[in-house]
Amino acid sequence: MTPAMQAEPTTQTPPLPLQHLQRITLTGFMGAGKTTIGRLLAERLGWNFLDLDAYLEQRTGNTIADIFAQHGEQRFRRLESAALVSALGLQHTVLALGGGTPEGLTNRLLLEQTPGTLTVFLDAPFSTLYDRCVLQDIARPVLANVEDAQQRFQQRRPHYLRLAGLTLNTADRTPEQTVQQLLAELSR
Ligand code: S3P
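The written sequence of each chain sets the order in which its residues are numbered from 1. It should be noted that, the model being predicted, local features are given only for residues of pLDDT at least 70 and side-chain atom pairs only at 80 or more, the latter also being counted only at that level, while totals for whole chains, interfaces and linings use all residues. Note that water and hydrogens are dropped before the side-chain values are worked out from all heavy atoms of the structure.

(A) Looking closely at the overall build of the protein. Helix and strand definitions follow DSSP, with helices as H or I runs of at least four residues and strands as E runs of at least two, each counted in order from the N terminus. Across its full length, the protein carries eight helices and five strands. Order of helices (α) and strands (β) in the protein, N terminus to C terminus: β-α-β-α-α-α-β-α-β-α-α-β-α. Its C-alpha radius of gyration of 16 Å places the protein within 12% of the 16 Å reference for a compact globule of 188 residues. Here the protein, with 188 residues, has 47% of them falling under the buried criterion. Any two residues having at least one pair of non-hydrogen atoms within 4.5 Å are treated as being in contact. A separation of at least 24 residues holds for 78% of the contacts in the protein among residues at least 6 apart in sequence. Reported accessibility uses the Shrake-Rupley method at a 1.4 Å probe radius. Residues are deemed covered only where the shown protein chains occlude them. Put simply, the protein shows about 9300 Å² of open surface, and 51% of that area lies on carbon and sulfur atoms. If you average the places of the 17 positive and of the 18 negative side-chain charges in the protein, the two averages end up 5 Å apart. Taken over C-alpha atoms, the radius of gyration is set against a globule rule of 2.2 Å times the number of residues to the power 0.38. Burial classes: relative accessible area under 20% of the type maximum marks a residue as buried, over 50% as exposed, and values in between as partly exposed (1.4 Å probe, protein chains only). Neither His nor the chain ends is counted toward charge; the positive residues are Lys and Arg and the negative residues Asp and Glu. Every charge is mapped onto a representative atom, which is NZ of Lys, CZ of Arg, CG of Asp or CD of Glu.

The structure is reproduced here in structure tokens:
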């Protein structure tokens, strides 16, 4: 494995104040903590929580691993995009995206142009993310080959950064600490 990329500190212009937000979307590579942090954040805000992967599985009645295996990644990306359109219509919702959601230009435009939407990038070096994923018992087709996964991480990271109104470094932080930091940033 090549040396891990360093996570960057919080960047970007200040996000919209909380009272103007309808939804917060969490983005980042697999293992970033989007689901765990999203659940905690929604609880603190008294908002709903939606995980895009779980939503897609519910809509299709099929697991992501099965969709990849039976129909391929392209089909998965189309279903993911359709699920995103629907999810972005929800109010007062914390939405955990899939790690690859920002790969598609249409998805990026949707995230940028849906009013009242703040995208938060949960950043960490690839090696940290990979180690976290190995500890989790979740079938992730995109993680089957570590070199490919690292290449995807490097290709996606500029998109994650550009999309985000706020970037948080989650390496060496618990999900609880990240939520605290996020809430502090939002109330500034
Ligand atoms: C993917 C990440 C997964 C899931 C699918 C593809 C990716 O979501 O959407 O397996 O391309 O990085 P998580 O980031 O929630 O694991």
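(B) Structural detail: the sheet that holds strand 2 (residues 48-51). Taken in spatial order, the five strands of this open sheet run 2-3-1-4-5, and their pairing is parallel. Of all strands in the sheet, those bounded by a partner on one side alone are strand 2 and strand 5 (166-169). Going across the sheet, the axis of each strand differs from the next one's by a mean of 20 degrees, ignoring polarity. Relative to strand 3 (residues 93-96), strand 1 (residues 23-27) is paired through four bridges, and the arrangement is parallel. Across the sheet, the residue bridging to Leu 26 is Ala 96, located in strand 3. Helix axes use the C-alpha atoms of the stretch in contact, all axes being lines fitted to C-alpha atoms, and the angles between their N-to-C directions lie in the range 0 to 180 degrees. Seen against the sheet, helix 8 (residues 175-186) touches strand 1, strand 4 (117-123) and strand 5 and runs at an angle of roughly 150 degrees to strand 5. Pairing between two strands is assigned when DSSP locates at least 2 bridges connecting them.

(C) Up close: helix 2 (residues 52-60). Every buried residue of helix 2 is accounted for by Leu 52, Tyr 55 and Leu 56. An end-on view of helix 2 places all buried positions within 100 degrees of arc, on one side of the element. Contacts from the buried residues of helix 2 go to strand 2, helix 3 (64-71), helix 4 (73-87) and strand 3. Under this definition, polar contacts are N or O atom pairs within 3.5 Å; protein pairs additionally need one hydrogen-donor-capable and one acceptor-capable atom, and for neighbouring residues in sequence, both atoms have to be side-chain atoms. Its side-chain oxygen placed 3.1 Å from the backbone nitrogen of Asp 53, Asp 51 serves as the N-cap of helix 2. In the stretch just after helix 2, Gly 61 is the one whose phi turns positive, near 70 degrees. Directions drawn from the helix axis to the C-beta atoms are what define this arc.

(D) Examining the packing of helix 3 against helix 4 more closely. The geometry of helix 3 relative to helix 4 is characterised by a closest axis approach of 7 Å and an angle of 135 degrees between their N-to-C directions. Compared by their axis directions, helix 3 and helix 4 come out oblique. Contacts between helix 3 and helix 4 involve Ile 64, Ile 67, Phe 68 and His 71 from the former and Glu 73, Arg 75, Phe 76, Arg 77 and Leu 79 from the latter. In terms of residue class, the contact of helix 3 with helix 4 is made up of five nonpolar, one polar and three charged. In this scheme, roughly parallel covers angles under 35 degrees and roughly antiparallel covers those over 145, while 65 to 115 is roughly perpendicular and the rest are oblique. All amino acids are sorted into three groups, where Ala, Val, Leu, Ile, Met, Phe, Trp, Tyr, Cys and Pro are nonpolar, Asp, Glu, Lys and Arg are charged, and the leftover types, Gly among them, are polar.

(E) Representation of the site of the ligand. In the neighbourhood of the ligand, 13 residues make up the surrounding shell, with Lys 34, Asp 53, Arg 77, Arg 140 and Arg 156 lying closest. Interatomic distance of 3.4 Å between a backbone N/O atom of Gly 100 and an oxygen atom of the ligand. Protein contacts shield 95% of the accessible area of the ligand, which totals 390 Å² for the unbound molecule. The residue makeup of the shell around the ligand, split by class, is five nonpolar, three polar and five charged. Note on terminology: near, applied to a residue and a molecule or strand, indicates that one of the residue's heavy atoms is within 4 Å of it.

(F) Spatial organisation of the pairing of strand 5. Every second residue of strand 5 is oriented toward a common face, with Leu 166 and Leu 168 on one face and Thr 167 and Asn 169 on the other, all of them buried. As paired elements, strand 4 and strand 5 share four bridges and run parallel to each other. Each bridged residue has a counterpart across the sheet, and for Asp 123 the counterpart in strand 5 is Asn 169.

(G) Just the layout of surface pockets, in detail. Space inside and on the surface of the protein is sampled on a 1 Å grid over the protein atoms alone, with a cavity defined as a set of points where a 1.4 Å probe fits but cannot get out and a pocket as an open set with protein on both sides within 12 Å along at least 5 of 7 lines; lining residues have an atom within 4 Å of a point. Grid points are joined across faces, edges and corners, and a volume is the space filled by probe spheres set on the points. The volume enclosed by the largest pocket comes to roughly 730 Å³. Lining the largest pocket are 38 residues, with Gly 31, Lys 34, Asp 53, Ile 138 and Arg 140 sitting closest to its centre. For the lining of the largest pocket, the element with the highest residue contribution is helix 1 (residues 34-45), accounting for four residues. A breakdown of the residues in the lining of the largest pocket according to their chemical character gives 16 nonpolar, twelve polar and ten charged.

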